[in-house]
Every structure is written in C-alpha cells, then in structure tokens.
Amino acid sequence: MSQITNILVCGVGGQGVMTATEILAEAAISLGFDVKKTEVAGMSQRGGVVTSHLRFGRVVLSPQIVPGEADLLIGFESAEALRWSHMLRPGGVALVNSGRIVPPVVNLGLFDYPEDPVARMRALGLTVHAFDATSLALELGNIRLGNTVMLGACADRLPFPAEVLRDAVLARFGTRKPQLVEANREAFEAGRRAVAGEAKAV
C-alpha cells in the first residue's frame, strides 16, 4: 500500500457500514495516523445506499477517495460492491459479502439486481475475495455481527497488525454491551478465516 491507505466501505442501510468505518478509523488513530473520513447515506435507515471513504497515513489532506485509488473495497453487499468497483486501484482488493440483500429500489422496480455481481467484478480483472458474512453472522446468533465479520475479513489487509483492529472492535462493543464482547471476538475471527479460506480456493 502507498503512504496513504484508502479504504472504501459500501453497503445498504442497517448493515453497520458507518460503524465499521468508525472502528477502522479508531484503530488507525490509536497508532498515531492522521485520519480523514466521509460518508454518504441515502435512506440509511431504510436499506438505502451507504458509502464511507476512509483515508489514513502520516498526513492526509482530503477525506475523498478518487476513483481508481482505493486500496481496499469492503462491500457489505455484493451489488453495491460491483457498483463501486471502479474506485479500486490497479492491484487493489475487494472483500465482498456474497449474501444477497436486495435494496428497496430493486423491490420497487426502479433498478434491476445484477446477475452474479462477484463474477462480474472478477470478469473486470479485479481481485475479489467473496464469502457469506451474513450467514456467518446468523450462525453466531446475531445478524448484526455481520459488520464485525467484515472487519475481521479486512484485518490482515491493513498496514498494521490485525490485533489492533480486533482490540478496537472489542473496545467499541465492550463499553456499550459487555455481553457482546465474546460474540464479536468470534465474529472477527470468523471473518479472518473466511477470507483466508476463500483466498486459498481462488
């Protein structure tokens, strides 16, 4: 990665996209990085599109990621990952939740859901690691753990140890709901295993 790390997180409202970006930012801040982030939420409480730009490094002047410069694309929803795939730099990596979540605009007939978004991304020559974070969260007993699964998935792709991000996750939930600490620890490690296993399979 370059001196500045660019991460684009995208999904639909209710998936925890903004919370995940905040936790990534907190992890980077804890190591002394200059951090800038910005969010765009469209009906975020109703399943609308949500994107977050996160940039960190020694000195960061702008929070906005320019198309073609994202090191990591973290797609909480695969169709949204496809839609934002142009943001990846050459050699960048997409980590995508393959669990399908159809947004209201599709149910209303305003847009068609793309056929196999992950395959379409790979056809563009992109490096994509896809896994069903939604199912993993459900297996752990709480669909809201999906954002922690996704954070675990990106943990080994950052310019600092995975444990730094894990500790930021546990600190966030430990202060609010101590009973969820162990569940989030398990979800984080499940995400790491999922992307490692998918990478070996590709």
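For the structure itself, look to the data block above.
The rules behind the values
- Residues numbered from 1 in each chain as written.
- Predicted model: local features only at pLDDT ≥ 70, side-chain atom pairs only at ≥ 80, totals over all residues.
- Heavy atoms only, no water.
- Axes fitted to C-alpha atoms, helices over the stretch in contact; angles between N-to-C directions.
- Helix = DSSP H or I, 4+ residues; strand = E, 2+ residues; numbered from the N terminus.
- Parallel < 35°, antiparallel > 145°, perpendicular 65-115°, else oblique.
- Left-handed = near helix turned anticlockwise from the far one by under 90°.
- Contact = heavy atoms within 4.5 Å.
- Nonpolar A, V, L, I, M, F, W, Y, C, P; charged D, E, K, R; others polar.
- Core = buried A, V, L, I, M, F, W, Y, C linked by side-chain atoms within 4.5 Å.
- Buried < 20%, exposed > 50% of the residue type's maximum accessible area, 1.4 Å probe, protein only.
- Polar contact = N/O pair within 3.5 Å; in protein donor to acceptor, adjacent residues only side chain to side chain.
- Pairing = 2+ DSSP bridges.
- Right-handed = clockwise from strand over helix to strand, strands pointing away.
- Salt bridge = Lys/Arg side-chain N within 4 Å of Asp/Glu carboxyl O.
- Expected span 1.5 Å × (residues − 1).

Draft legend 1. Highlighting the packing of helix H1 (residues 17-30) against helix H7 (residues 162-176). For the pair H1 and H7, interaxial distance at closest approach is 9 Å and the crossing angle is 120°. Judged by the inter-axis angle, H1 sits oblique to H7. For the element pair H1 and H7, the recorded crossing hand is right-handed. For the pair H1 and H7, the contacting residues are Thr19, Glu22, Ile23, Leu24, Glu26, Ala27 and Ser30 in the first and Val164, Leu165, Ala168, Val169, Arg172 and Phe173 in the second. Of the residues contributing to the contact of H1 with H7, the split by class is eight nonpolar, two polar and three charged.

Draft legend 2. Focus on the packing of H1 against helix H6 (residues 146-154). Two elements in contact, H1 and H6, have axes whose closest approach is 9 Å; the angle formed by their N-to-C orientations is 40°. One element, H1, and the other, H6, form an angle in the oblique class. Both H1 and H6 take part in a crossing whose hand is right-handed. Between H1 and H6, the contacting residues are Thr19, Ala20, Ile23 and Leu24 on the first element and Asn147, Leu151 and Cys154 on the second. Here the residues of the contact of H1 with H6 are counted per class, giving five nonpolar, two polar and no charged.

Draft legend 3. Geometry of the nonpolar core. Among the nonpolar cores identified, the biggest contains 41 residues, and Ile7, Leu24 and Leu165 are the most heavily contacted of them. No other element matches H1, which puts seven residues into this core. In this structure Ile7 touches Leu24, Ser52, His53, Leu54, Phe56, Ile65, Leu72, Ile74 and Leu158, once residues within four positions along its chain are discounted. Counting 16 residues, the second-largest nonpolar core is a separate cluster that includes Ala70, Met87, Val96 and Val118.

Draft legend 4. Up close: the side chain of Ser52. Tracing the backbone through its elements, the reader meets Ser52 in strand E3 (residues 49-57). Here Thr21 takes part through its side chain, which lies 3.4 Å from a polar atom of the side chain of Ser52. The contact partners of Ser52, leaving out residues within four places of it in the chain, are Ile7, Leu8, Val9, Val17, Met18, Thr21, Thr38 and Glu39.

Draft legend 5. Molecular detail of the pairing of strand E4 (residues 70-75). Within E4, six of the six residues are buried, which leaves it mostly tucked inside the rest of the structure. Sheet topology note: the strand E1 (residues 5-12)/E4 ladder contains four bridges and is parallel. Across the sheet, residue Val9 finds its bridge partner in E4, namely Ile74. Bridge count for E4 against strand E5 (residues 88-97) is five bridges, and the pairing is parallel. Considered in E5, the bridge of Ile74 is made with Leu95. Regarding topology, helix H2 (residues 78-83) serves as the crossover connection from E4 to the parallel E5, and that connection is right-handed.

Draft legend 6. Here's a closer look at the pattern of salt bridges. Counted under the stated rule, the structure contains ten salt bridges. A salt bridge links Glu39 to Lys37; its shortest N-O distance comes to 2.9 Å. The exposure class of Glu39 is partly exposed, given its relative accessible area of 29%. As a salt-bridge pair, Glu189 and Arg192 come within 3.7 Å of each other at their nearest N and O atoms.

Draft legend 7. Inspection of H6 at higher detail. Most of H6 sits out of view: nine of its nine residues are buried. The complete set of buried residues in H6 reads Gly146, Asn147, Thr148, Val149, Met150, Leu151, Gly152, Ala153 and Cys154.

Draft legend 8. Spotlight on H1. In a regular helix each residue adds 1.5 Å, so 14 residues correspond to 20 Å; H1 covers 20 Å between its end C-alpha atoms and thus fits that length. Here H1 has its buried residues at Val17, Ala20, Thr21, Ile23, Leu24, Ala25, Ala27 and Ala28.

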